[in-house]
Amino acid sequence: MIKIDAKGCVPFVSDAQIQDYTQKALVAYDILASEQGAGNDFLGWKHLPSETPEALVDDMLAIREDWKQRGVDLVVAIGIGGSYLGAKCVIEALSHSFGKQLKEKKAAEVVFAGNNLSEEYIAELLDLLKERNAACVVISKSGTTTEPAVAFRIVKQYLEDTYGKAEAAARIVAITDAKKGALKTLSTQEGYRTFVVPDNVGGRFSVLTPVGLLPIALAGFDIKALLAGACKAEKDLAVKAAENPAVQYAALRNLLYTEFGKKVEILVTYNPKLQYLAEWWKQLYGESEGKDGKGIFPASVNNTADLHSMGQFIQEGDRVMFETVVSVEQSQREVLIGTDPQNLDGLNFLAGKHVEHCNKMAQLGTRIAHIDGGVPQMQVSIEKIDEANLGELLYFFEFACGVSAYLLGVNPFNQPGVEAYKKNMFALLDKPGYEEASKAIRERL
Ligand code: PA5
């Protein structure tokens, strides 16, 4: 089970405050559990781990097999926000850090597009496509988001020009709404295989639908184990108790925010593989809580690298933050530090020690230093980085997000603020229907 260690908050908060916020979190827990709160038509994610049919998983694995038979060695996963970050997070966490250089041939390489509007990025993607045997998964719940739509138009054209229309159609899978949206219409017309993003699952909660599962499976990872880990969390967190880690996490972060003005939460990791876990978490918490003039700003650091950049600020800058460390108990690999007869670097005192031992001591030393510097800290622990543990962790953060946002008093499942930039961009791009807005915005430039 996911463990929360709150020792690093003890010097800052009183027992009475913890009890008070635990009670508040239990009330918020009831709102989520009873499915009566704001946004309750978007709670489909809660039962995905236990209710995903085996046939759906098999359909995804069949695509992996089919594309293998076609010789596909590169899959472009097109999507943005919740239609991108979950898959990216899991694939990065599970991949060999140097898999590309080692030319690992485990499965197709999955690269991402449609998450930006950089022309250089798309041009460079086309450079890569020319070198490889490619296929594409296009993901958009709404089926109308500009960034993935632009990337897909270009990749689709490339695939059709290269492989012919019929073979291109066999190399494209769309993941979108069951009935509506431009991508659904196009998929029906072109005969693409499709998977559905359920109506009641929002983008940032969709990693355990085909949105996340298909790219993860195509990259060669075990989506059954990922779902099994999430299923364990679904079961563990379904118990209303002060010891429930989702209740503990929601209580502590809201206590620090409300009573101590800690407006920034930094998710801290100690492994480069977990950088995108933080990106996924930032979207989940940022879009779920940052509204109505409220919310904890989600930030992240990846240590020990960032101890040499952000470490100074966290130690001595404005005291606006607290830290949540995702601690991984075991390293999956072993490397010992050797003895050097000359010892010019003075490191012989580390001879015979695991590199991970140094990492753990850095983690512990940083924890104490930051607490001394006025930064409360809590720790969320998993055993190791594998599919099962990641599934458990992702579900934990989703569930805790629901509890936390209800405690804060916001609807966790909408994102009205995301529309503002889109309206301006469409006006500036002279999209039909935006004539008035185009005139108005140009006057402001
Ligand atoms: O969490 C969300 O709902 C958003 O981040 C969406 O995932 C993102 O905007 C992409 O939307 P769509 O999948 O409709 O293209």
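Residues numbered from 1 in each chain as written. Predicted model: local features only at pLDDT ≥ 70, side-chain atom pairs only at ≥ 80, totals over all residues. Heavy atoms only, no water.

Break down the packing of helix α3 (residues 54-69) against helix α9 (residues 210-218) for me, citing the residues and quoting the values.
Viewed as axis vectors pointing N to C, α3 and α9 meet at an angle of 40°, and their least axial separation amounts to 9 Å. One way to sum up the angle between α3 and α9 is to call them oblique. Between α3 and α9 lies a crossing whose hand is right-handed. From α3, Leu56, Met60, Leu61, Ile63, Arg64 and Trp67 reach across to α9, where they touch Pro210, Leu213, Leu214, Ala217 and Leu218. (Axes fitted to C-alpha atoms, helices over the stretch in contact; angles between N-to-C directions. Helix = DSSP H or I, 4+ residues; strand = E, 2+ residues; numbered from the N terminus. Parallel < 35°, antiparallel > 145°, perpendicular 65-115°, else oblique. Left-handed = near helix turned anticlockwise from the far one by under 90°. Contact = heavy atoms within 4.5 Å.)

Help me get a handle on α3, residues and values and all.
A rise of 1.5 Å per residue sets the reference length of α3, with its 16 residues, at 22 Å; its end C-alpha atoms lie 22 Å apart and thus fit the reference within 8%. Listing the buried residues of α3 in full gives Val57, Met60, Ile63 and Trp67. The buried residues of α3 occupy one face: seen down the axis, they fall within an arc of 115°. Structural note: α3 exposes Glu54, Lys68 and Gln69 on the side pointing more than 90 degrees away from its buried face. At the C-terminal side of α3, Gly71 shows a positive phi close to 80°. (Expected span 1.5 Å × (residues − 1). Buried < 20%, exposed > 50% of the residue type's maximum accessible area, 1.4 Å probe, protein only. Arc of directions from axis to C-beta.)

Now, about the pattern of salt bridges: what can you tell me, with residues and values included?
This structure, assessed with the given rule, holds 28 salt bridges. Between Asp20 and Lys24 there is a salt bridge whose closest N-O contact spans 3.2 Å. Taken together, the residues Asp20 and Lys24, both in helix α1 (residues 15-34) and 4 residues apart, mark about one turn of the helix. What makes Lys24 partly exposed here is its relative accessible area of 35%. Glu265 is the salt-bridge partner of Arg253, the closest N and O atoms lying 2.8 Å from each other. Highlighted residues: Arg253 in helix α11 (residues 245-260) and Glu265 in strand β7 (residues 264-269), separated in sequence by 12 residues. A relative accessible area of 0% places Arg253 in the buried class. Salt bridges linked by common partners bring Asp66, Arg70, Glu167, Arg171 and Arg193 together as one network. (Salt bridge = Lys/Arg side-chain N within 4 Å of Asp/Glu carboxyl O.)

Talk me through the site of the ligand; I want residue IDs and the actual numbers.
In the vicinity of the ligand lie 13 residues, with Ser83, Ser140, Ser142, Thr145 and Gln283 positioned nearest. One of the side-chain nitrogen or oxygen atoms of Ser83 is found 2.6 Å away from an oxygen atom of the ligand. Between an oxygen atom of the ligand and a side-chain N or O atom of Gln283, the distance comes to 2.5 Å. Summarising the interface, the protein chains cover 88% of the accessible area of the ligand, which totals 380 Å² for the free molecule. Looking at side-chain class alone, the shell around the ligand contains 1 nonpolar, 9 polar and 3 charged residues. (Near = heavy atom within 4 Å. Polar contact = N/O pair within 3.5 Å; in protein donor to acceptor, adjacent residues only side chain to side chain. Areas by Shrake-Rupley, 256 points an atom, 1.4 Å probe, with all protein chains shown as cover. Nonpolar A, V, L, I, M, F, W, Y, C, P; charged D, E, K, R; others polar.)

All we've got here are geometric facts, nothing functional implied.
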